[in-house]
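What follows is the residue order along each chain.
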Amino acid sequence: MEMLEEIQKLKDEATSALGTLKSTDDAENFRLRYLSRKGALAQLFEKLKEVPKENKPALGKSLNELRTFLENEFETSRNNLGSKSPTSDGSLDLSIPGRKRYTGRKHPLTQTADEIKRIFTNIGFGIADGPEIEDDYHNFEALNFPPDHPARDMQDTFFVKSEEGKYVLRTHTSGVQIRVMENNKPPVRVMMPGRVYRNEAISARSYCLFHQVEGLYVDKNVSLAELKGTIAYFAKEFFNEEAKLRFRPSYFPFTEPSAEVDVNCFICGGKGCKICKYSGWLEIMGCGMVDPNVFKAVKYDENEVSGYAFGMGIERLALLRYGIDDIRLFFENDLRFLNQF
Ligand code: PHE
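About the thresholds
- Residues numbered from 1 in each chain as written.
- Predicted model: local features only at pLDDT ≥ 70, side-chain atom pairs only at ≥ 80, totals over all residues.
- Heavy atoms only, no water.
- Near = heavy atom within 4 Å.
- Polar contact = N/O pair within 3.5 Å; in protein donor to acceptor, adjacent residues only side chain to side chain.
- Helix = DSSP H or I, 4+ residues; strand = E, 2+ residues; numbered from the N terminus.
- Nonpolar A, V, L, I, M, F, W, Y, C, P; charged D, E, K, R; others polar.
- Core = buried A, V, L, I, M, F, W, Y, C linked by side-chain atoms within 4.5 Å.
- Buried < 20%, exposed > 50% of the residue type's maximum accessible area, 1.4 Å probe, protein only.
- Contact = heavy atoms within 4.5 Å.
- Disulfide = S-S within 2.5 Å.
- Phe/Tyr/Trp six-rings, centres within 6.5 Å; stacked < 30°, edge-to-face > 60°.
- Lys NZ or Arg CZ within 6 Å of the ring centre and 35° of its normal.
- Domains from an automatic or database assignment.
- Pairing = 2+ DSSP bridges.
- Axes fitted to C-alpha atoms, helices over the stretch in contact; angles between N-to-C directions.

Colleague: So what's going on with the site of the ligand? Residues and values would help.
Modeller: Lining the immediate environment of the ligand, one finds 15 residues, of which His-172, Ser-174, Arg-198, Gln-212 and Gly-311 sit closest. The side chain of His-172 places a nitrogen or oxygen atom 3.0 Å from a nitrogen atom of the ligand. Arg-198 is positioned with one of its side-chain polar atoms (N or O) 2.8 Å from an oxygen atom of the ligand. Of all the elements in the fold, those that place two or more residues in the shell around the ligand are helix H8 (174–183), strand E6 (209–219), strand E9 (281–290) and strand E10 (306–313). Among the elements that line the shell around the ligand, the one with the most residues is E10, at three residues. Residue composition of the shell around the ligand, by class: five nonpolar, eight polar and two charged.

Colleague: Before we move on, could you go through the nonpolar core and cite the residues and values that matter?
Modeller: Core analysis: the biggest nonpolar cluster contains 48 residues, and Ile-116, Phe-234, Phe-239, Phe-310, Met-312 and Phe-330 have the highest contact counts within it. Not counting residues up to four positions away in its chain, the partners in contact with Phe-330 are His-107, Pro-108, Leu-109, Glu-315, Ala-318, Leu-319, Ile-324 and Phe-337. Phe-140, Ile-178, Met-181 and Val-190 belong to the second largest nonpolar core, which has 25 residues in total.

Colleague: I'd like to hear about H8, residue by residue, with values.
Modeller: Most of H8 sits out of view: seven of its 10 residues are buried. Among the structural elements, strand E2 (133–135), helix H7 (136–139), strand E5 (188–197), E6, helix H10 (292–297) and E10 are those in contact with the buried residues of H8.

Colleague: Account for the side chain of Asp-326, with residues named and values stated.
Modeller: Tracing the chain through its elements places Asp-326 in the loop between helix H11 (314–322) and helix H12 (329–332). Residue Asp-326 is classed as buried on the basis of its relative accessible area, which comes to 14%. At 2.8 Å, the side chain of Asp-326 and the side chain of Arg-328 are in polar contact. Every residue in contact with Asp-326, bar those within four places of it in the chain, is listed here: Ser-203, Ala-204, Ile-275 and Leu-319.

Colleague: Account for the state of the cysteines, naming residues and giving values.
Modeller: This structure, assessed with the given rule, holds zero disulfides. Sulfur of Cys-265: no disulfide; nearest cysteine sulfur belongs to Cys-268 and is 3.6 Å away.

Colleague: With reference to specific residues and values, describe the packing of aromatic side chains.
Modeller: The relation between two aromatic rings is expressed through the spacing of the ring centres and the mutual angle of the planes. Under the defined criterion, the tally for this structure stands at 17 aromatic pairs. For the ring pair Phe-120 and Phe-125, a centre distance of 5.4 Å and an interplane angle of 80° mean the geometry is edge-to-face. Take Phe-125: its relative accessible area is 5%, and that puts it in the buried class. An aromatic cluster of three or more residues is present, and its members are Phe-120, Phe-125, Tyr-217, Phe-234, Phe-238, Phe-239, Tyr-308 and Phe-310. Taking NZ or CZ as reference, Arg-189 lies 5.0 Å from the ring centre of Tyr-217, over its face. Positioned over the ring face of Phe-238 is Arg-321, at 4.5 Å from the centre of the ring.

Colleague: Run through H11, naming residues and quoting values.
Modeller: For H11, a buried count of seven out of nine residues is recorded, marking the element as mostly surrounded by other parts of the structure. Of the residues making up H11, those classed as buried are Ile-314, Glu-315, Arg-316, Leu-317, Ala-318, Leu-319 and Leu-320. Of the residues flanking the end of H11, it is Gly-323, one or two places downstream, whose phi is positive at about 65°.

Colleague: Quick one: what's the story with the domain arrangement of the protein, residue by residue and with numbers?
Modeller: As far as domains go, the protein holds domain 1 (2–82) and domain 2 (108–338). A C-alpha centroid distance of 79 Å is found between domain 1 and domain 2.

Colleague: Please provide a residue-by-residue account of the sheet that holds strand E7 (residues 245–252), values included.
Modeller: One open sheet accounts for seven strands, arranged E1-E5-E6-E10-E9-E8-E7; its pairing is mixed. Looking at strand neighbours, the two that pair on one side only are strand E1 (126–127) and E7, the edges of this open sheet. The pairing of E6 with E10 spans eight bridges and is classified as antiparallel. Bridge pairing in E10 places Asp-219 opposite Ser-306. The sheet contacts of H8 involve E5, E6 and E10, and relative to E5 the element is tilted by about 140°. With respect to the sheet, H11 is in contact with E6, strand E8 (255–264), E9 and E10, its orientation differing from that of E10 by roughly 60°.

Written out as structure tokens, the structure is:
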């Protein structure tokens, strides 16, 4: 085709294309197609290099004119687009607030567990963990729950069907004590956080799964006084200087003597509420001196060493700390709740 014809053809084609521009996207496509560095116009300029020398001046002039023409027309069409833009025809409302982006954060239970770990690692405790599907031996037997012993009913257990042996969803983190002692010689001083399961009726106070942090300290001459001192230190760090503690004698097969520790109910200030069962006190942990039978099970010499253990419920501590009155909130993952922490 003659170059001059091509110039004319491009002019016609581009002019009619300009008439169809409706949006800024259209305008951009037009610009890419005709006016950009690889566009149709640039290609014609490229071809100009190949035409016979004597034709160059005339053709070059026509091409330059076409360029000025198209650039001006394009500019005009694009400016006119503004007057029928989405903002003016109502399809785009710039006054609508933008979408809010939420920042992620740690779940309040994770925050609470981290705080507990911090408090105890500061006084020399290490961290250990164990399996959530636990064998009967570690969850019960080595902890001095003999088979068929009624103490097994203290914790409503989820049993796991298995050909290989007796397994349960661990009912407490105390089994990790056994695993730690099996694998380490005394002294040991560890915290063992984790999820535990109990087949209990779900209510504001209890859920079928929850979290505990277990503590264990075994060495020569560890005393009950040290246990009390450590727990008092913890309560002051975790709550405040004024937190009141109460040690109630209790029973656990794996500790002797055993106690349960209560803290004064911050939610009602001791007057009584549904969380503290109208007693003014809230149980936060079980504890005691490691039972000699446990030492026997892990082949520690019970005449050489003594130790204390404690296990606390993370949900319970978080409820108290944040003044929440229903444990189920921790598991519903409602962002309106979680965003407050
Ligand atoms: N494992 C006990 C419970 O789940 C708590 C506990 C831990 C008690 C360690 C004594 C020593 O209730």
